Amino acid sequence: YTGGPENQRMAEGKTSSGDADPLIEIQRKKVVLSRQLIQIKGQMQMKQRAAKGTELTIAEIKTIPEDTQTYRAVGRMFLLTPMPEVRKGLKDFLDETLSDIEQLKAKEKYVEKQAKSVESELKQVEAESTGG
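Here is what the cut-offs are and how they apply
- Numbering of residues starts from 1 in each chain and follows the order in which that chain's sequence is written.
- This being a predicted model, a pLDDT of at least 70 is required before a residue's local features are given, and a value of 80 or more before pairs of side-chain atoms are given or counted; all residues contribute to the totals for chains, interfaces and linings.
- Note: side-chain values were computed over all heavy atoms of the structure, leaving out hydrogens and water.
- Counting from the N terminus, the helices are DSSP H or I runs at least four residues long and the strands are E runs at least two residues long.
- Throughout, exposure labels follow a simple rule: accessible area from a 1.4 Å probe, protein chains only, divided by the maximum for the residue type, with under 20% read as buried, over 50% as exposed, and the rest as partly exposed.
- Between two residues, a contact is recorded if the distance between any of their heavy atoms is within 4.5 Å.
- Among buried residues, the Ala, Val, Leu, Ile, Met, Phe, Trp, Tyr and Cys ones that are joined through side-chain atoms within 4.5 Å form a nonpolar core.
- Salt bridges, as used here, are contacts in which a Lys or Arg side-chain nitrogen is within 4 Å of a carboxyl oxygen on Asp or Glu.

Asker: Honestly, the overall build of the protein in this entry has me stumped. Any pointers?
Answerer: Helix and strand counts for the protein stand at three helices and two strands. Mapped from its N terminus to its C terminus, the protein presents α and β elements in the order α-α-β-β-α. Across the 132 residues of the protein, 19% fall into the buried class. Within the protein, contacts between residues separated by at least 24 positions form 64% of all contacts whose residues are at least 6 apart in sequence.

Put into structure tokens, the structure is as follows:
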């Protein structure tokens, strides 16, 4: 939820009153970037939990004999699935999750760099407004 069209315009740096004070615009950018960082960190935590759970499941399944009947959930039903297929599915899911985590880390670095840039811009504008 973005909060409606007014908040969308604010996030884009536009207001209904036309050109706003540069200080306010920079502060808005800072708020948007900090929200993005919080969202990215939350997504990373979810993915890390999923990866850890999958790693534990893989470790447990290694102890089970190869000829054991295993089932996987598909909607409301369970399908008989050979053990190698279960292991492959878990490994594929783990690989995908770890890849997602790496992408989120890169995105986090990018947003943090933007946030630092906005922070220095904010300090510069504040210095100009108080000193000038």
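Asker: Whenever I open this one, the nonpolar core confuses me. Can you help?
Answerer: The nonpolar side chains of a soluble globular protein tend to be buried, and buried together. Counting residues in each nonpolar core, the largest one holds ten residues, listed as Ile-26, Leu-33, Leu-37, Ile-40, Met-44, Leu-104, Val-111, Val-118, Leu-122 and Val-125. Mapped onto this core, the elements with two or more residues apiece are α2 (22-62) and α3 (83-131).

Asker: Whenever I open this one, the pattern of salt bridges confuses me. Can you help?
Answerer: Oppositely charged side chains can form a pair if their charged atoms are brought close together. Tallied over the entire structure, the rule returns seven salt bridges. Its salt-bridge partner being Lys-30, residue Glu-119 comes within 3.0 Å of it at the nearest N-O pair. Placement of Glu-119 in helix α3 and of Lys-30 in helix α2 is noted, with a sequence separation of 89 residues between them. Taking relative accessible area as the criterion, Glu-119 reaches 27% and is therefore assigned partly exposed. Across the pair Glu-66 and Arg-87 runs a salt bridge, and its minimum N-O distance is 2.5 Å. Here Arg-87 lies in helix α3 and Glu-66 lies in the loop between α2 and β1 (70-74), a separation of 21 residues in the sequence. Take Glu-66: its relative accessible area is 44%, and that puts it in the partly exposed class.

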